[in-house]
Amino acid sequence: MPLYRDECVVLRTHKLGEADRIVTLLSRQHGKIRAVAKGVRRTASKFGSRLEPFMVVDAQFYEGRSLDIVTQAESLGSYGAQIVADYGAYTAASAMVETADRLSEADAGLQQYLLLVGALRSLSRGEHFPSATLDSYLLRAMSIAGWAPSFSDCAVTGEPGPHSAFVVQLGGVVADGAAPPGSPRLDHTTLSLLGSLLAGDWATVDSADERTRSRASGVVAAYAQWHLERSLKSLPHVDRTEHPAPVPAHDGPVHDSAAATARAVAATPAPSLPDVHEGAPTA
């Protein structure tokens, strides 16, 4: 059977038999991979702990008929321990990997992988409020997938803003002439925060008040779930408290390749948004 190797983020796992697991991963070059990790639930397993959700690994696979087989796994980013130690970070990360799993059903490119790695790294370091990191990730992931929201110009006519009517089904803010009757209205502060989340303007995001962040989170959740065409089970459980996770003394055994991957997120702009400044959840 042919072998291949790739960098991957572990999205989720399922038990298989008495000692095995089915592992779902988002890879750098091969999109989403579903593979069997044999014997990883035994205490003597050499790489069982590396194949847990939120971990970034350099893995080797045998190519199988329906499911591939994991033969090796080396840790690149041990983000799982720091994330699960903080409830807010854990719930945000769970929503992120669920979104990545949904978006990679048909196809997943390098940008989605880089964005997810950068967001998980940011959560593990407690750089920003976990819910804000999640909202930024969701907006940028939707943009990369081709559903870039507009928070300034009309999403229907292109008429320059500012506009206050926000219609999820139409792709963002719309001019009064194009807005359906009864369209919800957003204030300028909330629209500005949404644009900052998409652009990675963390100075603006971190200084926003709790009420504005709450309104923006509701808009982001509605936008993401509409375009995914189904609800995200993890979203209702996300902790929206205002206490960022503490920054640990170190990130664990993160190799240079993982650090380079995280830095590459900052150079991954959301497509079809020429006015968006560079930035990402790892800023």
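Reading guide: rules and limits
- Residues numbered from 1 in each chain as written.
- Predicted model: local features only at pLDDT ≥ 70, side-chain atom pairs only at ≥ 80, totals over all residues.
- Heavy atoms only, no water.
- Helix = DSSP H or I, 4+ residues; strand = E, 2+ residues; numbered from the N terminus.
- Buried < 20%, exposed > 50% of the residue type's maximum accessible area, 1.4 Å probe, protein only.
- Areas by Shrake-Rupley, 256 points an atom, 1.4 Å probe, with all protein chains shown as cover.
- Pairing = 2+ DSSP bridges.
- Axes fitted to C-alpha atoms, helices over the stretch in contact; angles between N-to-C directions.
- Contact = heavy atoms within 4.5 Å.
- Expected span 1.5 Å × (residues − 1).
- Polar contact = N/O pair within 3.5 Å; in protein donor to acceptor, adjacent residues only side chain to side chain.
- Phe/Tyr/Trp six-rings, centres within 6.5 Å; stacked < 30°, edge-to-face > 60°.
- Parallel < 35°, antiparallel > 145°, perpendicular 65-115°, else oblique.
- Nonpolar A, V, L, I, M, F, W, Y, C, P; charged D, E, K, R; others polar.
- Core = buried A, V, L, I, M, F, W, Y, C linked by side-chain atoms within 4.5 Å.

Undergrad: For this particular structure, what's the right way to read the overall build of the chain?
TA: Counting secondary structure elements, the chain contains 8 helices and 7 strands. A burial count over the chain gives 53% of its 283 residues as buried. Surface summary for the chain: the accessible area is close to 12900 Å², and the carbon and sulfur share equals 51%.

Undergrad: So what exactly am I meant to see when it comes to the sheet that holds strand β1 (residues 3-16) here?
TA: The 5 strands are arranged β1-β2-β3-β5-β4 in a closed barrel whose pairing can be described as mixed. Direction aside, the axes of adjacent strands within the sheet are offset by 50 degrees on average. As paired strands, β1 and strand β2 (residues 20-27) are joined by 8 bridges and run antiparallel to one another. Within the sheet, the bridge partner assigned to C8 lies in β2 and is S27. Along the sheet, helix α2 (residues 87-103) contacts β1, β2 and β3 (32-37); its crossing angle with β1, the most-contacted strand, is approximately 115 degrees.

Undergrad: Sorry if this is basic, but what is going on with helix α5 (residues 188-199) here?
TA: The α-helix winds at 3.6 residues per turn, so residues separated by three or four positions along the chain end up facing the same way. In a regular helix each residue adds 1.5 Å, so 12 residues correspond to 16 Å; α5 covers 16 Å between its end C-alpha atoms and thus fits that length. Within the sequence span of α5, burial applies to T190, L191, L193, L194, S196, L197, L198 and A199. Structurally, α5 contributes buried residues whose contacts are with α4 (130-144), β7 (172-174), α6 (202-207) and α7 (210-228). Sitting at the amino-terminal end of α5 is D187, which places a side-chain oxygen 3.1 Å from the backbone nitrogen of T189. One or two steps after α5, the chain reaches G200, where phi turns positive at roughly 80 degrees.

Undergrad: Explanation requested: the packing of aromatic side chains in the structure shown.
TA: Think of a pair of aromatic rings as described by two things: how far the centres are apart, and how the planes are tilted against each other in angle. Tallying each qualifying case throughout the model produces 3 aromatic pairs. Summarising the aromatic geometry, the rings of Y4 and F61 are spaced 5.1 Å apart at their centres and angled 20 degrees between planes, so their arrangement reads as stacked. One end of the pair, Y4, is in strand β1; the other, F61, is in strand β4 (residues 56-62), with 57 residues separating them in the sequence. Arranged with centres 6.0 Å apart and planes meeting at 80 degrees, the rings of F54 and Y90 form a pair that is edge-to-face. In this pair, F54 is assigned in the loop between β3 and β4 and Y90 in helix α2, connecting sequence segments 36 residues apart.

Undergrad: It is not clear to me how the packing of helix α3 (residues 110-125) against α4 should be interpreted in this structure. Could you clarify?
TA: Each pair of packed helices gets described by two things: the angle between the helix axes and the distance between those axes. Two numbers describe how α3 lies on α4: the axes approach to 10 Å, and their chain directions differ by 175 degrees. In terms of orientation, α3 lies roughly antiparallel with respect to α4. Facing Q111, Q112, L115, L116, A119, S122 and L123 of α3, the residues of α4 in contact are P130, T133, Y137, R140, A141 and I144. Of the residues assigned to the contact of α3 with α4, the class counts are 8 nonpolar, 4 polar and 1 charged.

Undergrad: How do you make sense of the nonpolar core when you look at a structure like this?
TA: Nonpolar side chains in soluble globular proteins tend to be buried together. Counting 56 residues, the largest nonpolar core has L116, L120 and Y137 as the members making the most contacts within it. Secondary-structure elements contributing two or more residues to this core are β1, α2, α3, α4, α5, α6 and α7. The residues contacting L120, other than those within four sequence positions of it, are V9, F54, Y79, I83, A93 and M96. Grouped together as the second largest cluster of nonpolar side chains are 17 residues, C8, V23, A35 and V70 included.

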